[in-house]
Amino acid sequence: MLQVKRAGHSTLTTPDIGRMVDYFTRIVGLNLVARDKDRAILATKSGPETIALERGDAGEAPRLSFQVAPGSDLGAIAARLTQAGIKSERRHDITPGIRDALAFKDPKGTTVEIFADFAFAADDDTFAGVMPLKLGHIAYQCPDVAVVKFYCDFLGFRVSDWRSDFFAFLRCSRDHHTVNFLRDAKTAIHHIAFEVRDWSDIKRASDLLAKNKIKLTWGPLRHIIGHNIAIYHKNPDGVVIEFFCEMDQMYDEELGFFEPRPWHQDRPQRPKVWGDDTPSNWWGPMSHSPNRAHDTQRDSDEQAQSMLVKK
């Protein structure tokens, strides 16, 4: 089994590289590291590469990279994958900062690129956009959330929480989740999330989006699963982008509970299965489980009144 340490960068396809570079630099506040006619690499201001743009259909995420422990032997990892019946290949210079990687496909068809060592991007002292701290997590829709077993058995992820049997939250570090899998008829990216410093950055991001005539599609809100404060909008290609802060932290795996906070519904807050009737957030506009049939008026009434999680 591998032991992934963190998410690296996500590859997104787009028919308009220039428009998306403008969005990710001017609005999101990433640093353009490299660009040619059909590809662009962007990093956070602190240096880690975060987004790779490639020319193609809008809104697809064909690859996702993860870092394992620095100095890890990728050849030994490839041998273990072969023993498990997983075909992989070595790739070189997949970004300016990653010279050596190991690529293979997960059960839903996304290419996973594993790397051990990377170089930080050059300093960028410009001040523009939201300027997130890092790529926080990426969520996928897929017909079979059994992909969870693959991520746990082969990549070393741990299940943080389930919402009923259709929405899984997996962690590879202290963060409550780094990947999410939501059962749906099609396989597609659900959203990409960037972590910001704190609530003041959420407010600043909301104002910046408004000034650029980009409307929030959801939020501000505090989620119940993970307890992060979040806002959502769509980028020019229609991909949902989340900015968040204050996500639950698992500081000690042996203790096995998330950092206690006043709004936790039970203490200690341990990984569990949340009921299908659990609202999506503690405050802000409510959203019910997609498995629950409902009408607009009933939801409107419940959203105005519901402030507690049903036990």
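Refer to the structure presented above.
Only a predicted model underlies this, so the values are computations on that prediction, with no experimental measurement involved.

A few points about the nonpolar core
Reasoning step 1: Of all hydrophobic cores here, the largest spans 63 residues; its most connected members are F24, F66, I114, Y151 and F243.
Reasoning step 2: With near-sequence residues (within four places) excluded, I114 lies in contact with L2, V4, F66, V68, L74, D100, A101, L102, F104 and L155.

Looking at the environment of A119
Reasoning step 1: Secondary-structure assignment places A119 in the loop between β8 (111–115) and β9 (134–142).
Reasoning step 2: Once the C-alpha coordinates of A119 and G47 are considered, the two residues, 72 residues apart in sequence, prove to be 8.3 Å apart.

Observations concerning the sheet that holds strand β3 (residues 39–43)
Reasoning step 1: Here we have eight strands laid out as an open sheet, ordered β2-β3-β4-β1-β5-β8-β7-β6, and mixed in their pairing. Each edge of the open sheet carries a strand with a single partner, namely β2 (31–36) and β6 (89–95). Strand-to-strand, the axes of this sheet are offset by a mean angle of 25°, without reference to chain direction.
Reasoning step 2: Relative to β8, strand β5 (residues 60–67) runs parallel, the two sharing five bridges. In the strand pairing of β8, Q67 is matched with F115.
Reasoning step 3: Lying on the sheet, helix α1 (residues 17–27) is in contact with β1 (6–14), β2, β3 and β4 (49–55); it crosses β4 at an angle near 160°.
Reasoning step 4: Its contacts with the sheet put helix α2 (residues 74–83) on β6, β7 (98–105) and β8, and the angle it makes with β7 is roughly 5°.

Remarks on the sheet that holds strand β11 (residues 167–171)
Reasoning step 1: The mixed open sheet is built from ten strands, whose spatial order is β17-β10-β11-β12-β9-β13-β16-β15-β14-β18. At either end of the open sheet lies a strand with only one pairing partner, and these are β17 (272–274) and β18 (281–283). Each strand of the sheet is rotated relative to its neighbour by a mean of 30°, with strand direction disregarded.

Side note on the environment of W274
Reasoning step 1: Counting through the fold element by element, W274 comes out in strand β17.
Reasoning step 2: For W274, a relative accessible area of 5% corresponds to the buried category.
Reasoning step 3: Note: C-alpha distance between W274 and G284 (ten residues apart in sequence) is 19 Å.
Reasoning step 4: Residues in contact with W274, not counting those within four places in the same chain, are D161, W162, R163, S164, I224, I225, Q265 and Q269.
Reasoning step 5: At a separation of 3.1 Å, a polar atom in the side chain of W274 contacts the side chain of D161.

A few points about the pattern of salt bridges
Reasoning step 1: For the structure on display, the rule yields 23 salt bridges.
Reasoning step 2: Measuring nitrogen to oxygen at the nearest pair gives 2.8 Å for the salt bridge that ties K45 to D124. Separated by 79 residues along the polypeptide, K45 in the loop between β3 and β4 and D124 in the loop between β8 and β9 bring together distant segments of the chain.
Reasoning step 3: Take K45: its relative accessible area is 17%, and that puts it in the buried class.
Reasoning step 4: Taking relative accessible area as the criterion, D124 reaches 17% and is therefore assigned buried.
Reasoning step 5: With a closest N to O distance of 3.6 Å, D201 and R204 form a salt bridge. One end of the pair, D201, and the other, R204, are both in helix α4 (residues 199–211), three residues apart, so they sit about a helical turn from each other.
Reasoning step 6: The class of D201 is buried, set by a relative accessible area of 9%.

About the thresholds
Residues numbered from 1 in each chain as written. Predicted model: local features only at pLDDT ≥ 70, side-chain atom pairs only at ≥ 80, totals over all residues. Heavy atoms only, no water. Core = buried A, V, L, I, M, F, W, Y, C linked by side-chain atoms within 4.5 Å. Buried < 20%, exposed > 50% of the residue type's maximum accessible area, 1.4 Å probe, protein only. Contact = heavy atoms within 4.5 Å. Helix = DSSP H or I, 4+ residues; strand = E, 2+ residues; numbered from the N terminus. Pairing = 2+ DSSP bridges. Axes fitted to C-alpha atoms, helices over the stretch in contact; angles between N-to-C directions. Polar contact = N/O pair within 3.5 Å; in protein donor to acceptor, adjacent residues only side chain to side chain. Salt bridge = Lys/Arg side-chain N within 4 Å of Asp/Glu carboxyl O.

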